[in-house]
Number of protein chains: 2
Amino acid sequence: MPIARGYAATDASKPLTPFTFERREPNADDVVIDIKFAGICHSDIHTVRNEWKNAVYPIVPGHEIAGIVSAVGANVTKFKVGDRVGVGCFVDSCVGCATRDVDNEHYMPGLVQTYNSVEADGKTATQGGYSDSIVVKEGYVLSIPDNLPLDASAPLLCAGITLYSPLAHWKAGPGKKVAIVGMGGLGHMGVKIGAAMGADITVLSQTLSKKEDGLKLGAKEYYATSDASTFEKLAGTFDLIICTAGVAIDWNAYLNLLKVDGSMVIVGAPEHAIPVHAFSLIPGRKSLSGSMIGSIKETQEMLDFCGKHNIVSEIEKINIQQVNEAYERVLKSDVRYRFVIDIASLAA
Amino acid sequence: MPIARGYAATDASKPLTPFTFERREPNADDVVIDIKFAGICHSDIHTVRNEWKNAVYPIVPGHEIAGIVSAVGANVTKFKVGDRVGVGCFVDSCVGCATRDVDNEHYMPGLVQTYNSVEADGKTATQGGYSDSIVVKEGYVLSIPDNLPLDASAPLLCAGITLYSPLAHWKAGPGKKVAIVGMGGLGHMGVKIGAAMGADITVLSQTLSKKEDGLKLGAKEYYATSDASTFEKLAGTFDLIICTAGVAIDWNAYLNLLKVDGSMVIVGAPEHAIPVHAFSLIPGRKSLSGSMIGSIKETQEMLDFCGKHNIVSEIEKINIQQVNEAYERVLKSDVRYRFVIDIASLAA
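Residues numbered from 1 in each chain as written. Chains lettered and ligands numbered in written order. Predicted model: local features only at pLDDT ≥ 70, side-chain atom pairs only at ≥ 80, totals over all residues. Heavy atoms only, no water.

The cut-off we apply is this: UniProt positions are given in the numbering used here, feature names are shortened, and annotations may be inferred rather than shown by experiment.
Named according to an unreviewed UniProt entry, chain A is Putative zinc-type alcohol dehydrogenase-like protein originating from Rhizobium metallidurans. Recorded in UniProt for chain A, the comment headed Cofactor (unreviewed entry) runs: "Zn(2+)". Listed in UniProt under the heading Sequence similarities (unreviewed entry), the comment for chain A reads: "Belongs to the zinc-containing alcohol dehydrogenase family."

Following this line, the structure appears as structure tokens:
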């Protein structure tokens, strides 16, 4: 069994610490990847701190993985040693399922998450990208376009697809007014991708502190949601609002910013139920919807789109020894805009 | 000014009583209608009892109007004396508005409701169909197909279009599994219309008391929501759920009955906010949406569709003197399935 080194959480209340573990033996359809970079997603923190009540320790987090292929199984046809590749939030799905829908595999019950999950063999715990290598079935490995830097591409695998998928599904493009709520790791990707799709992007952020960045990344307008006049000015404005803020907001006030037939899509889950007034939806045929990452097919489409438009994440690169400190900074929104762990630092 | 006789509410707490009033002078683009039948909609009760806090008395309710044209203005081209016509929930809209969308006029701010509203002249109170005549602009008059009985067609003007519009918009048809929540005045129309569109209809009702009717009207299946096993059996079943129940239900349990990309559409407004869990929407890209009646264009399309498929409401016809008693029975869901007032009884 291949040995991997990484950082793991061993308990909800303890910091991540160095951890050595066995990866599964590669099969004929597997790709072995030398991990070079791993993004830090807020979900990593939710999971290792057991805030979603499903943690099985030890957990090596990380589902924004970028690296180089170091070996391929005999049946692998799409990748060869040396290829630049990525792995996102899942590494297997319900392939044997009668109702399997390749465009929606990420919504199927048999999804195997990249960490804190169990492989298709029913016993091996999956472990994520805060580590130096991973073994993944060819069908769940993504190709990273040559023109994109590997480090800043890592966050595309979760943050990128999380925004790309709803923007594509709800047809953001020329003539569409789209609001991105929250200007963080997810939100800033929405600005870049949505603008590249040709949509007219407005950022709705608590304050104007990141306004200059937002406009530079492609937003046409930028408003502070702490200013009540924002909600008067923008009433009935948007075809689509994508909400990346995983906290309680004044939901009905945001729904009021939609046009007739507009949709507000939640990609960051708040802890408590969202109190929607029926009259926020009925007069205007509005929708409150959810969206979660994207299929492998759509993730590759997103990476190719980002390659074409030269889009990567804005990152702050750190050594893995700084991961616990980085978590604290994520919780304070003190990062512009995504932490990426340089896995080479493991050897330090 | 033409004199009309009808029944009006003069106060939130008093019964409806006979009321004589002036209709506005017909203009060149107006149609004058001898009202023959008026359906009783739950909204009539909400309005006259001031439950929506917008009542301006006296109010002659009624927005499910069927009658015969008795006169037409000089510029009217679509109707002639003797035509069988209907009037629904609104009698004017923001015709001068720059952003006017004829497919969505019913969602525009300038909508003039059939009663408890003010005409485009900015001063004349609109009064509804519990009366013997009405003056309506040609563009807001609908043609009732010759093969449909006038009495049972009246409820198509609100209940019919309220269900037709979301069924059409969310593409109910062959291969689509659609649930209708509630088997009342609205719900039974959804069963008939959805089945005629070719969708596979399931009724979700509190009990099985109307099961036989539901199956007869076109439903393939019928489940009691008071039985918890219904929610286990039907998890992940529906492409579309249309909720006609204007009361609090276990919303997240219903959202769990949707397939990936499914939508639950509210057409009956509950009093309190709907507590939606983000995880009821995110994993499955589901939507909670609202829908309200339909445009004039779509209402005519609905009437033509009903003509083609011989669809009308199941009604219990009453004399206008029974209206207050009928209201009490509506509140107890004691009607199969819509009360229609025979306006000829006014002369009794």
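1. Observations concerning the relation of the copies chain A and chain B
Heads up, the rule is: For the least-squares superposition of copies, only C-alpha atoms count, and only for residues with pLDDT at least 70 in both. Only heavy atoms enter the contact rule, under which two residues are in contact if any of them lie within 4.5 Å.
Superposition of chain A onto chain B requires a rotation of 180° combined with a translation of 0.0 Å along the rotation axis, giving an RMSD of 0.0 Å. Each copy turns onto its partner about a two-fold axis. No C-alpha of chain A approaches the rotation axis more nearly than that of Pro-275 of chain A, which lies at 2.2 Å. The residues that chain A uses at the interface reappear at the interface of chain B in 100% of cases, marking a shared surface.

2. Considerations on the domain arrangement of chain A
Residue and element names in this part refer to chain A. As a reminder of what qualifies: Here the bounds of each domain stem from an automatic or database domain assignment. When two components associate, each loses some accessible surface as probed by a 1.4 Å sphere; the sum of these losses over both components is called the buried area. Throughout this description, the term salt bridge denotes a Lys or Arg side-chain nitrogen within 4 Å of a carboxyl oxygen of Asp or Glu.
Splitting chain A by domain gives domain 1 (3-158 + 294-347) and domain 2 (160-290). Using only C-alpha atoms to locate each centre, domain 1 and domain 2 end up separated by 27 Å. The interface of domain 1 with domain 2 comprises 20 residues on the first partner and 20 residues on the second. Both faces considered, domain 1 and domain 2 share a buried interface measuring about 1700 Å² in area, 58% of it formed by carbon and sulfur atoms. Looking only at domain 1, the three residues that lose the most surface to domain 2 are Cys-158, Phe-305 and Tyr-337, adding up to 33% of its buried area. Counting the contacts that link domain 1 with domain 2 gives two salt bridges. The partner of Glu-314 in a salt bridge is Lys-192, and the shortest N-O contact between them spans 2.6 Å.

3. What about helix H10 (residues 323-331) of chain A?
Residues and elements named next belong to chain A. The test is simple: The rule is simple: take the accessible area with a 1.4 Å probe, protein chains only, and divide by the maximum for that residue type; under 20% is buried, over 50% is exposed, in between is partly exposed. Numbering of helices and strands starts at the N terminus; helices are DSSP runs of H or I of at least 4 residues and strands are runs of E of at least 2. By definition, the arc is the one covered by directions from the helix axis to the C-beta atoms.
Residues Val-323, Ala-326, Tyr-327, Arg-329 and Val-330 constitute the buried set of H10. Seen from one end, H10 has its buried residues packed into an arc of 165°, which puts them on one side. Buried residues in H10 make contact with strand S1 (3-8), helix H1 (42-48), strand S17 (315-319) and strand S18 (338-342).

4. Details of the interface of chain A and chain B
Note the threshold: Polar contact is the term for a pair of N or O atoms within 3.5 Å; when the atoms are in protein, one must be able to donate a hydrogen and the other to accept it, and sequence-neighboring residues count only if both atoms are side-chain atoms. Note on residue categories: nonpolar means Ala, Val, Leu, Ile, Met, Phe, Trp, Tyr, Cys or Pro, charged means Asp, Glu, Lys or Arg, and polar means any other residue, Gly included. Strands qualify as paired when DSSP identifies two bridges or more between them.
Of the residues lining the interface, 32 residues belong to chain A; the matching set on chain B comes to 32 residues. Considering only the side of chain A, the residues that lose the most area to chain B are Tyr-107, Ile-282 and Arg-285 of chain A, jointly responsible for 25% of the buried surface there. For the interface between chain A and chain B, the tally reads eleven residue pairs in polar contact (both at pLDDT 80 or more). At the level of secondary structure, the elements contributing two or more residues to the side of chain A that touches chain B comprise helix H3 (159-169), strand S14 (258-266), strand S15 (274-276), helix H8 (278-281) and strand S16 (287-290) of chain A. A per-element tally of the side of chain A that touches chain B places S16 of chain A first, with four residues. The class makeup of the residues in the side of chain A that touches chain B is 19 nonpolar, ten polar and three charged. As paired strands, S16 of chain A and strand S16 (residues 287-290) of chain B are joined by three bridges and run antiparallel to one another. From the neighbouring strand, Ser-287 of chain A faces S16 of chain B, where its bridge partner is Ser-289 of chain B.

5. Comments concerning the side chain of Arg-24 of chain A
Residues and elements named next belong to chain A. Relative to the helices and strands, Arg-24 resides in the loop between strand S2 (17-22) and strand S3 (30-39). Within polar-contact distance, the side chain of Arg-24 engages the side chain of Asp-30 at 2.5 Å. At 3.1 Å, the side chain of Arg-24 forms a polar contact with the side chain of Glu-119. With residues near it in sequence (within four places) discarded, Arg-24 still touches Met-1, Pro-2, Asp-30, Glu-119, Thr-124, Val-135, Val-136 and Lys-137.

6. Regarding the sheet that holds S16 of chain A
Paired through backbone hydrogen bonds, the strands of a sheet run either parallel or antiparallel to each other. Here is the rule we go by: The convention used is that axes are lines fitted to C-alpha atoms, helices contributing only their stretch in contact, and that angles between N-to-C directions extend from 0 to 180 degrees.
With respect to topology, twelve strands assemble into an open sheet ordered S12(A)-S11(A)-S10(A)-S13(A)-S14(A)-S16(A)-S16(B)-S14(B)-S13(B)-S10(B)-S11(B)-S12(B), the strand pairing being mixed. Every interior strand has two partners, whereas the edge strands, strand S12 (221-224) of chain A together with strand S12 (221-224) of chain B, have only one. Averaged over all pairs of adjacent strands, the angle between strand axes in this sheet comes to 20°, irrespective of strand direction. Pairing between strand S14 (residues 258-266) of chain B and S16 of chain B: four bridges, direction parallel.

7. Some thoughts on the pairing of S14 of chain A
As defined by bridge partners, strand S13 (residues 238-243) of chain A adjoins S14 of chain A across five bridges and the pair is classed as parallel. Looking at the pairing, Ile-241 of chain A lines up with Met-264 of chain A of S14 of chain A.

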